[in-house]
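# Structural overview for review
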Amino acid sequence: MSLRVILSCALLLSLALPVWGAEDYAAARQRMVSEQLAARDIKDPRVLAAMGQVPRHLFVPPDLREKAYADHPLPIGQGQTISQPYIVAFMSQAVAIKPGDKVLEIGTGSGYQAAVLAAMGAEVYSVEIIPELAVQASERLKRLGYKVRVMAGDGNLGWPGEAPFAAILVTAGARKIPPKLVEQLKPGGRMILPLGPDVWSEELTLVSKDAQGGVSKRSLLAVRFVPLVDGAQPRK
Ligand code: SAH
């Protein structure tokens, strides 16, 4: 067989492979919103609208794009994961965000959760401990037009220069509530974080600060997250 024939066979084969177009992703996204979110307990119209808009497939590695709207988390490199869509929606709804709220996210990862918060009208600040992920997410968010400020650093310390925040979302599993984050919560503010003694027994916990600065917490849902790293310890 001549090289020409081999090349044209390869071309034909690649054309025959199913490749999703923009409308396939949009349809998968609408199905995700109705079947995985609205059909469960996600009722906040801003969360449903934001997740119906943000192109989740552009936040995952190219070979996983067609799985981006499935009902589970996906790897994003560096041993980290993008959360299942339902968990992103659940956390966004739990902190009851209003347009204009100043919101801090700990664990930027792919930038998807940050984009959803920005699409809900929040002013978003996000801290990521792995510098490569911080750079990638920051560039991706800028390219897609989301105004999110990303900082590489230890999220246990929060973002003191921008505090206080109306809401804080921690997207990595904490063993105890980081005290600096409670400090950086505005009176009347809410924080949600996966909290537990180990990865097998974490619960999404809502921490609320009342107008007088009193703090209360409530467990909402059993979950499993990648760990919140202690930036003071060397990374393994
Ligand atoms: N919210 C992300 C998913 C987060 S996965 C998304 O939408 O894609 C958890 C992320 O938390 C990982 O990227 C991990 O590197 C980061 N992380 C872990 N410990 C951290 C810490 N102490 N400070 C900031 N980020 C941390």
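Naming follows an unreviewed UniProt entry, where the protein appears as Protein-L-isoaspartate O-methyltransferase of Desulfoferula mesophila. Heading Catalytic activity (unreviewed entry) of the UniProt record for the protein holds this comment: "[protein]-L-isoaspartate + S-adenosyl-L-methionine = [protein]-L-isoaspartate alpha-methyl ester + S-adenosyl-L-homocysteine". Taken from UniProt, the Sequence similarities (unreviewed entry) comment for the protein reads in full: "Belongs to the methyltransferase superfamily. L-isoaspartyl/D-aspartyl protein methyltransferase family."

Turning our attention to the UniProt feature "active site" (unreviewed entry) in the protein. UniProt records the feature "active site" (unreviewed entry) for Ser83 in the present numbering. In this structure, Ser83 sits in the loop between strand 2 (80-82) and helix 4 (85-94). Residue classification places Ser83 among the buried residues on the basis of a relative accessible area of 19%. Not counting residues within four places of it along the chain, the set of residues in contact with Ser83 comprises Arg56, Pro73, Val88 and Phe225.

Further remarks concern the pairing of strand 8 (residues 202-209). Of all eight residues in strand 8, six are buried, a share of seventy percent or more. Bridge count for strand 7 (residues 185-195) against strand 8 is six bridges, and the pairing is antiparallel. Following the sheet pairing, Leu193 is matched in strand 8 by Thr205. Between strand 7 and the antiparallel strand that follows it, strand 8, lie six residues. In this sheet, strand 9 (residues 215-223) lies alongside strand 8 in antiparallel orientation, the contact comprising eight bridges. Each bridged residue has a counterpart across the sheet, and for Lys209 the counterpart in strand 9 is Val215.

The rules we used
- Residues numbered from 1 in each chain as written.
- Predicted model: local features only at pLDDT ≥ 70, side-chain atom pairs only at ≥ 80, totals over all residues.
- Heavy atoms only, no water.
- UniProt positions renumbered as here; feature names shortened; annotations may be inferred.
- Helix = DSSP H or I, 4+ residues; strand = E, 2+ residues; numbered from the N terminus.
- Buried < 20%, exposed > 50% of the residue type's maximum accessible area, 1.4 Å probe, protein only.
- Contact = heavy atoms within 4.5 Å.
- Pairing = 2+ DSSP bridges.

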